Amino acid sequence: MFSNFDYDVIQRALPYLWQGMLTTLGLTLLAMIGGIVLGTLLALMRLSSIKAISVPAATYVNLLRATPLILVIFWFYFLVPIAIKHISGDSYAQGIGPFHSALIAFTLFEAAYYCEIIRAGIQSVPAGQVNAAYALGLNYRLATTLVVLPQAFRNMVPILLTQGIILFQDTSLVYVVGLTDFMGAASKVAQRDGRLVEMYLFAALIYFILCFSASYFVRRLQLRITPPR
Amino acid sequence: MAMIEFRNVSKWYGSFQVLKDCTTKVEKGEVIVVCGPSGSGKSTLIKCVNGLEPFQQGDIIVNGQSVGAKTTNLPQLRAKIGMVFQNFELFPHMSVTANLNLAQVKVLGRSTEEATEKSRSLLQRVGLIDHAQKYPGQLSGGQQQRVAIARALAMDPIAMLFDEPTSALDPEMINEVLDVMVELAHEGMTMMCVTHEMGFARKVAHRVIFMDQGEIVEDATKDEFFGTPRSERAQQFLSKILHH
């Protein structure tokens, strides 16, 4: 099987694959940041005692978590331009392009998952800490941003990063909207040169190396930051 | 005018009544010890004073301000009342100095320099100036509780609430915390302390409140209380905890 392996095809495709990897990394990083920011807001909303705030957030999270990721990607790529045309009445209105539509889709989708992680993180901060913050005269906003969230995030860093690794793998789905990420680039070269085995094995190897070393790093981190109490 | 006045305060958890028609006063400069068996509602009562626990009936007037009124700015009111908790509740992600500075800067609007100066003088006073840059996790329980007292004092409170401040401490650390509290009492601080430390009560309390099943059963001067408590329940309680 390996006797007629053409390693050269990988060599030649490297610059192109690197471009794809930059797209993958960019998408992962931006969607992670956006997902965490939006997820934090959703988590705070879900924990609100006011129903008008908590119910919409809960509905959003449950809806997105019950939806396949690929469907959300499709929505934003195909349906949003239609919606824009419909709303603006401009039948020549352009879509926002595969990268941006994918970025929005991933951000909104990941936010639902991050919300649940962050909600658990917030709840892991003892109620006494919140009471102490309030007793000092801090209001909700100050108590949350200065006392609760810093402790919650400290506890959550490993699991947030783990979710980021999953996101990194999931970004390979963007090939469905024709965005050339790392997987897309490998796939295109494989089809063009008829070298499916080489390219898909190489892609698998790269994903494995990156994800495995990232998980290893997260595990090390987890051991180190087990909070002193 | 009393510093803290309880007017027929009642509180329920669902159908269970934790506080039953509690009425009492704490005058300016008075030291009140609240005691009673566990589950008698004493911690709940003290947490109602700064609105950490809501109550459904009656009212508490702190320095002329109603705690129960919807219009009351609770954060502003709380900033004036110091509170010390059973489990210290220092913020573990901040240094000792940062713990003391936080509310001074964010709530009172002091400059960092001003706050740090205040913090250092208070740490000096509780004997922990050498630990100013450490984190709470690096201190013993007694030290943490002294930091917590300093943190409350940094706000220049008009009254201090203590919710079982020594209950989570190892026996050899209890006195270092009580010493700080005694000193505070001698300086004329208005204090309301939930505690079982009857030695402390004997030494500095003006009045002792005994609670049982959500009711204030006994509200007497220290001498009356330790002389001959009027109620049988208080007598039983005292005989149990003073037995040794």
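What counts and how
- Residues numbered from 1 in each chain as written.
- Chains lettered and ligands numbered in written order.
- Predicted model: local features only at pLDDT ≥ 70, side-chain atom pairs only at ≥ 80, totals over all residues.
- Helix = DSSP H or I, 4+ residues; strand = E, 2+ residues; numbered from the N terminus.
- Buried ≥ 20, exposed ≤ 12 C-beta atoms within 10 Å, placed from the backbone.
- Contact = placed C-beta atoms within 7 Å.
- Nonpolar A, V, L, I, M, F, W, Y, C, P; charged D, E, K, R; others polar.
- Pairing = 2+ DSSP bridges.
- Axes fitted to C-alpha atoms, helices over the stretch in contact; angles between N-to-C directions.
- pLDDT = per-residue confidence, 0-100.
- Parallel < 35°, antiparallel > 145°, perpendicular 65-115°, else oblique.
- Left-handed = near helix turned anticlockwise from the far one by under 90°.

**Q** Outline the overall build of chain B, supporting the account with residue identities and numerical values.
**A** Each helix and strand counted, chain B has 9 helices and 10 strands in total. Principal axes of the C-alpha set define a box for chain B whose edges measure 50 × 45 × 35 Å. For chain B, buried positions account for 45% of its 244 residues. Intrachain contacts of chain B at a sequence separation of at least 6 include 64% that bridge at least 24 residues.

**Q** So what's going on with the interface of chain B and chain A? Which residues, and what values?
**A** Between chain B and chain A, the residue contacts involve 19 residues of the former and 19 residues of the latter. Listed by contribution, the elements that provide at least two residues to the side of chain B that touches chain A are α2 (74–78) and α3 (96–106) of chain B. Its residues assigned to classes, the side of chain B that touches chain A shows 11 nonpolar, 5 polar and 3 charged.

**Q** If you had to explain the sheet that holds strand β8 (residues 191–194) of chain B to someone new, which residues and values would you point to?
**A** All names here are of chain B. Read across the sheet, 6 strands follow the order β6-β7-β8-β3-β9-β10 without closing on themselves; strand pairing throughout is mixed. Single-partner strands in this sheet number two, and they are β6 (81–84) and β10 (215–221). The sheet shows a mean angle of 15° between the axes of neighbouring strands, direction not considered. Across 4 bridges, the pairing between strand β7 (residues 159–163) and β8 is parallel. Across the sheet, the residue bridging to Met 160 is Met 191, located in β8.

**Q** Residues and numbers for the sheet that holds strand β2 (residues 16–26) of chain B, please.
**A** Residue and element names in this part refer to chain B. With antiparallel pairing, 4 strands are arranged side by side in an open sheet as β2-β1-β4-β5. Looking at which strands have only one partner, the edges of the open sheet turn out to be β2 and β5 (65–66). Pairing of strand β4 (residues 57–62) with β5 involves 2 bridges; the strand directions are antiparallel. Within β5, the position partnered with Ile 61 by the bridge is Ser 66.

**Q** Let's hear about the confidence of the model for chain B: which residues, and what values?
**A** Should the pLDDT be low somewhere, the predicted coordinates at that spot are not to be read in detail. For chain B, the average pLDDT comes to 93, and 99% of its residues sit at 70 or higher. Across the assembled chains, the prediction reports ipTM 0.93 with pTM 0.87.

**Q** Run through α3(B), naming residues and quoting values.
**A** By the burial criterion, the buried members of α3(B) are Val96(B), Asn99(B), Leu100(B), Asn101(B), Leu102(B), Ala103(B) and Gln104(B). The secondary structure elements touched by the buried residues of α3(B) are α6 (140–170) of chain A together with α4 (112–125) and α5 (141–153) of chain B.

**Q** An account of unusual backbone geometry is needed here, citing residue identities and associated values.
**A** Residue and element names in this part refer to chain B. At Asn 8, a position not held by glycine, the phi torsion is positive, near 50°. With respect to the secondary-structure elements, Asn 8 resides in strand β1 (residues 4–13). Classification of Asn 8 as exposed rests on a count of 12 C-beta atoms within 10 Å. Unusually for a residue other than glycine, Asp 156 sits at a positive phi of about 50°. The topology assignment puts Asp 156 in the loop between α5 and β7. Of the residues examined, Asp 156 has 12 C-beta atoms within 10 Å and is grouped as exposed.

**Q** Tell me about the packing of helix α1 (residues 7–46) of chain A against α6(A), and name the residues and values.
**A** All names here are of chain A. Orientation of α1 relative to α6, taken along the N-to-C sense of each, is 135°, at an axis distance of 11 Å. Comparing their axes, α6 and α1 come out oblique. Of the two elements, α1 crosses α6, and the hand of that crossing is right-handed. Here Thr 28, Ala 31, Met 32, Ile 36 and Leu 44 of α1 lie close against α6, whose contacting residues are Thr 144, Leu 160, Gly 164, Leu 167 and Phe 168.

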